[in-house]
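# Structure assessment
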Amino acid sequence: MVESRNRRIGLFDSGVGGLTVLKQMYHRLPQESILYFGDTARLPYGTRSQAEILQFVREIIDWMLTQDVKMIIMACNTSSAIALESLQKEYDIPILGLILPGARAAVRVGQRIGVIATPATAASNAYRQAVQEVDPATRVWQIGCPEFVMLIEQNQLHSAYTKQIAQEYLQPLLEQKIDTLIYGCTHYRHLEHIFRLIVPSYVKIIDPAEHIVIAAKKELELMGIKSNRPALATRFYVSGSPKDFAQLSRQWLGYVPLVHSQQLNIPVEISDQI
Ligand code: DGL
């Protein structure tokens, strides 16, 4: 049996967004072994109802528990905004989300904070609440960007259309003269080359992916479950096509990952609205 501290950490997203968190894990917690799950058969999450998101995340956590993980990282802002609080109460295992670490990092550097996020995350108001809990005087503007996730999943990272839509989404934030921009969706760092062209250089960019990993490190130390052995190779699972995920991921991972198929309770029909 694997010693408790050397078990894997479960990390999930709807798709390739979670890779931005995975890269931070490799950088800041290189000894940790990871189980990655991408719910690619059901993405995007950001236009789904709260009931659907809650159900999908429950299914993922239940499956990850069968894989004997020691901690779960929601590498998905939408899941963190909608499901984290309820699920932390339901499960004994430590579960971490992106909103608080991201919001706290932003409050440290800015007073006029713009958030780009999925429609579900923007509508949840989670970032504004988290920021204003720390400092009620800080202003927050949240913009739902429904098209980004699919453009990234379709590898449209450099197209003229992606640039144009990015300009449109960011315009209202630029008009508010934001001094800080939060990537409120883990997919968005994959478009950093575009955002840097649009956003003035004095605007500080906060990627919550970095800050959730800093929080995870503290939590592992506090709980005495930080790995004390070299990491095993990351195990990748997706609910959609393993081949598509492997091909798309290669540009960020620098290698072609071995990806397995894992079906959860698919398909699911739920009619509840956000
Ligand atoms: N990458 C996820 C997030 O951070 C989910 C995006 C989606 O599937 O809409 O919100």
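Procedures and definitions
Residues numbered from 1 in each chain as written. Predicted model: local features only at pLDDT ≥ 70, side-chain atom pairs only at ≥ 80, totals over all residues. Heavy atoms only, no water. Near = heavy atom within 4 Å. Polar contact = N/O pair within 3.5 Å; in protein donor to acceptor, adjacent residues only side chain to side chain. Areas by Shrake-Rupley, 256 points an atom, 1.4 Å probe, with all protein chains shown as cover. Salt bridge = Lys/Arg side-chain N within 4 Å of Asp/Glu carboxyl O. Helix = DSSP H or I, 4+ residues; strand = E, 2+ residues; numbered from the N terminus. Buried < 20%, exposed > 50% of the residue type's maximum accessible area, 1.4 Å probe, protein only. Pairing = 2+ DSSP bridges. Disulfide = S-S within 2.5 Å. Axes fitted to C-alpha atoms, helices over the stretch in contact; angles between N-to-C directions. Parallel < 35°, antiparallel > 145°, perpendicular 65-115°, else oblique. Left-handed = near helix turned anticlockwise from the far one by under 90°. Contact = heavy atoms within 4.5 Å. Nonpolar A, V, L, I, M, F, W, Y, C, P; charged D, E, K, R; others polar.

The next thing to look at is the site of the ligand. In the vicinity of the ligand, 13 residues are found, and the nearest of them are S14, Y45, G46, N77 and T78. Here D13 contributes a side-chain N or O atom positioned 2.8 Å from a nitrogen atom of the ligand. Contact between the ligand and N77: an oxygen atom at 2.7 Å from a main-chain N or O atom of the residue. When the ligand is considered free in solution it has 300 Å² of accessible area, and contact with the protein chains removes 99% of it.

All right, on to the pattern of salt bridges then. What the rule picks out here adds up to 12 salt bridges. A salt bridge links D68 to R7; the shortest N-O distance between them is 3.2 Å. Of this pair, D68 sits in the loop between α2 (50-66) and β3 (71-74) while R7 sits in the segment before β1 (9-13), placing them 61 residues apart in sequence. Here D68 falls in the partly exposed class, since its relative accessible area comes to 39%. Here R189 and E192 are joined by a salt bridge, their closest N and O atoms 3.7 Å apart. Looking at E192, the relative accessible area reads 18%, which means it is buried. Through salt bridges with shared partners, a single ionic network connects R28, R189, E192, R196, D207 and E210.

Another point: the sheet that holds strand β9 (residues 235-238). Strand order across the open sheet formed by six strands is β4-β3-β1-β2-β9-β10, with parallel pairing between neighbours. What marks the edges here is a single partner per strand, and that holds for β4 (95-96) and β10 (259-261). Here β3 runs beside β4; their pairing, made up of two bridges, is parallel. In the strand pairing of β4, I72 is matched with I95.

Bringing the state of the cysteines into the picture now. Under the definition given, this model contains zero disulfides. Considering cysteine sulfurs only, C185 is the nearest to C145, which forms no disulfide, with 8.6 Å between them.

Quick look at the packing of helix α4 (residues 99-109) against helix α10 (residues 208-223) now. The interhelical angle for the contact between α4 and α10, taken along N-to-C directions, is 110°, at an axis separation of 8 Å. As summarised for this structure, α4 and α10 are arranged roughly perpendicular, according to the angle between their axes. Where α4 crosses over α10, the two elements pack in a sense that is right-handed. Contacts from P101, G102, A105 and R108 in α4 reach P208, H211, I212 and A215 in α10. For the contact of α4 with α10, the per-class residue count stands at five nonpolar, two polar and one charged.

This next bit is on the environment of V69. Structurally, the position occupied by V69 is in the loop between α2 and β3. The buried category is assigned to V69, whose relative accessible area is 4%. Put simply, V69 and I9 are 60 residues apart on the chain and 5.3 Å apart in space, counted from C-alpha to C-alpha. Not counting residues up to four positions away in its chain, the partners in contact with V69 are R7, R8, I9, G10, L35, M64 and I93.

Moving on, we get to the environment of D92. Relative to the helices and strands, D92 is located in the loop between α3 (77-90) and β4. C-alpha of D92 to C-alpha of M71: the two residues are 21 residues apart in sequence and 9.8 Å apart in space.

The subject of this paragraph is the side chain of N6. Inspection of the secondary structure puts N6 in the segment before β1. In this structure N6 comes out as buried when scored by relative accessible area, which is 8%. Side-chain polar atoms of N6 contact the side chain of S227, separated by 3.2 Å. When near neighbours in sequence (up to four residues on either side) are disregarded, N6 contacts S227, N228 and R229.

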